[in-house]
Amino acid sequence: MNTHFFFCFFLSLSSFHVSLASKDTPLPQTRERINPFSPKASLIRYWNTRVTSKVPIPQFLLAKASPLTPQHCGILNKLLNEKSKPYNPKLHHSLCSSPNLYCSFDDTPNTPTLQRKNDDANFAVYNNKHFANYGSSRVDGVDSFKNYSNGLNANNDAFRRYSDSSTRRGEQFKNYADNGNVANTNFTSYGSAAAQSSSDFNNYDKTVNVPNLGFTTYDSDSSNHKLSFASYGNETNSGAQTFTSYGKRVRGGTSEFTNYASDANILQSEFNNYGDFSTGTTNDSFKSYSFNGNNPRNVFKTYGAGSRGSAADNFISYRNRANVGDDSFQSYAARSKSGTAKFSNYGMSFNVGNDSFAEYGKGATGKSSFGFKSYGLGRSFKVYNKNDASFSEYRNFSATSGTVVNKRVEPGKFFRESMMKEGNVIVMPDIRDKMPERSFLPLAIASKLPFSSSRIDEMRELFEAREGSGTERVMVNALSECERAPSRGETKRCVASAEEMIEFAASVLGPKVVVRSTENVNGSGSSVMIGKVYPVDGGKVTKSVSCHQSLYPYLLYYCHSVPQVRVYEADILNVDTKENMNHGVAICHLDTSSWGPEHGAFLALGSGPGKIEVCHWIFENDMTWTT
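Remember, predicted model here, so these are calculated numbers, not experimental data.

Peer 1: Kindly report on the state of the cysteines, identifying the contributing residues and their values.
Peer 2: Using the criterion set out here, one finds four disulfides in the structure. For cysteine 588, the disulfide goes to cysteine 615, at an S-S distance of 2.0 Å. Across the S-S bond of cysteine 588 and cysteine 615 the torsion is about 110°, and the bridge reads as right-handed. Separated by 27 residues along the polypeptide, cysteine 588 in strand β32 (residues 580–589) and cysteine 615 in strand β33 (residues 614–617) bring together distant segments of the chain. Cysteine 615 matches cysteine 588 in its accessibility class, with the two residues each being buried.

So this is what it looks like as structure tokens:
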């Protein structure tokens, strides 16, 4: 018999004294029959020996066990044990052919490439297409994409040439790549040499988990081309957006970002050449850039260099209320002639980041004017034009008292403990899990796979992820979350198997543990009525372990200890019919003193760290462990 065949499960069998009654063991609380050598059977045995609360393993946790067969598991172990070439193509194929894995977040080889459209186009819904040449050299008319690649797990879109050399033509993207997981979108050439045209992105890449976006050439050599991003990269999580060349050598026109990267988490934005050598009357405006961002990383390598004429560049709000970060203008308006460059509010941050201007207005002549109305502490100017640069106010910004409520925080995402009362009507946020369906790996497999920043090359090889790809960014994002230092009083661990999760919860809380999750997603995004409320452990203050799903090729959870909480279960009722439609689990954090003043809970509810308790629902596929 192949010694690798049962290896996955003998690891756990050796420590268990609980045996299966028969070859086809019935699953507790269901009639499902389980192979005793399957990962599910192994997980049941692990639960029964490690957890002493005498509560059967809940179905929602058992359902996340690996569906691998013993045969497939044995093959993977054999490949992992081959020391001479541990990460060969056979291993990739065997691992990625496993059910409930999502190995690639990048282009698929069968994505069709479409050619130029000759007539006005109106796409109501459009997904995952590659356009080799779209709308180039067209005169008059409108191209409209109402919903383009929205709500997808991994979108892979490319416009190699879009609206190049067009005249008096309108381009509209109302919703582009919104509400997805990984956005791999690329415009190789957008609006180059266009004249008297307008481009509008109402929502670009909003609420995407891992954006990976690029405009190689945007609006270069155009004339009187109006560009507008109403919302760009807002509420995204850990990604990158790059404009290699933006508005270079343009003659007149307007570029406007109403909201750029607002409420984003660790978003890297890079403009390599922005508005360089522009002439005529050009007006570029960022009304809000990186507002309320967490650790934003923005780079303008050159901005407005050598521009001439009555150009006006204006940042009304730049990284205000941001938390730390690293922002850099390597060259801003250097050697420009005439024009203005103004920051109304720059860096009024909660926590000081690293911001620098290597060259600010260096060598500028004519009627140039550079000014900051409000400028935060901790900034660095290496070279700047002392004759034309003015600072109206230079100060450090501290958090407000928290009385201003941020309307952009999703209604119902955070609430006060007083709302957990029968009969109250509250808004439930969208608790649906939008990540791709994946399963845990067996412990014996997960423990042998590389997962460390020091082994990123092995990780790329294992999943055949090229550098700069969406898959690589997913890996880097997960590593960043898992390897960050714990906050004060926190114990944390990332787990890739159900056994690791159980072990971590039991190590923090003891073996007498119970795990809970909200029953379903009914009521998401609507007003609901609180039915009967069930305080866990009689409403006593306790400690819990919360586990949140992370995006990765296989199922990965970020688990951390949460002290000083009260946990509630509650029936969720339809407001009109009073019928029971869900059974929710909510956790109330009683000690918020270590939370940052920029936390969305305080922006939504008012107040500040340590002054109020904050409650939230346990979202779909997340869970909380208590004694």
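Peer 1: Explain the packing of aromatic side chains residue by residue, including any values.
Peer 2: Applying the stated criterion to the full structure yields 23 aromatic pairs. For the pair tyrosine 102 and phenylalanine 105, a centre-to-centre distance of 5.0 Å together with 40° between the ring planes defines the contact as tilted. Seen from their ring centres, phenylalanine 257 and phenylalanine 286 are 4.6 Å apart, and the 0° between their planes marks the pair as stacked. Taken together, the residues span a long stretch of sequence, with phenylalanine 257 in strand β14 (residues 251–257) and phenylalanine 286 in strand β16 (residues 279–286) at a distance of 29 residues.

Peer 1: Tell me about the packing of helix α2 (residues 39–50) against helix α9 (residues 498–509), and name the residues and values.
Peer 2: The contact between α2 and α9 brings their axes to 10 Å, and the two run at 10°. One element, α2, and the other, α9, form an angle in the roughly parallel class. Residue-level contacts link Ser42, Leu43, Tyr46, Trp47 and Arg50 of α2 to Ala498, Glu499, Ile502, Glu503, Ala506 and Ser507 of α9. Taken together, the residues that form the contact of α2 with α9 break down as six nonpolar, two polar and three charged.

Peer 1: Which residues make up helix α4 (residues 70–80), and what are the values?
Peer 2: Within α4, eight of the eleven residues are buried, which leaves the element mostly enclosed by the surrounding structure. Listing the buried residues of α4 in full gives Pro70, His72, Cys73, Gly74, Leu76, Asn77, Leu79 and Leu80.

Peer 1: I'd like to hear about the packing of α4 against helix α5 (residues 89–96), residue by residue, with values.
Peer 2: Two elements in contact, α4 and α5, have axes separated by 10 Å at closest approach and are oriented at 155°. One way to sum up the angle between α4 and α5 is to call them roughly antiparallel. For the pair α4 and α5, the sense of crossing is left-handed. Packed against α4, whose contacting residues are His72, Ile75, Leu76, Leu79 and Leu80, the element α5 presents Lys90, Leu91, Ser94 and Leu95 at the interface. Broken down by class, the residue content of the contact of α4 with α5 amounts to six nonpolar, two polar and one charged.

Criteria and cut-off values
Residues numbered from 1 in each chain as written. Predicted model: local features only at pLDDT ≥ 70, side-chain atom pairs only at ≥ 80, totals over all residues. Heavy atoms only, no water. Disulfide = S-S within 2.5 Å. Helix = DSSP H or I, 4+ residues; strand = E, 2+ residues; numbered from the N terminus. Buried < 20%, exposed > 50% of the residue type's maximum accessible area, 1.4 Å probe, protein only. Phe/Tyr/Trp six-rings, centres within 6.5 Å; stacked < 30°, edge-to-face > 60°. Axes fitted to C-alpha atoms, helices over the stretch in contact; angles between N-to-C directions. Parallel < 35°, antiparallel > 145°, perpendicular 65-115°, else oblique. Contact = heavy atoms within 4.5 Å. Nonpolar A, V, L, I, M, F, W, Y, C, P; charged D, E, K, R; others polar. Left-handed = near helix turned anticlockwise from the far one by under 90°.

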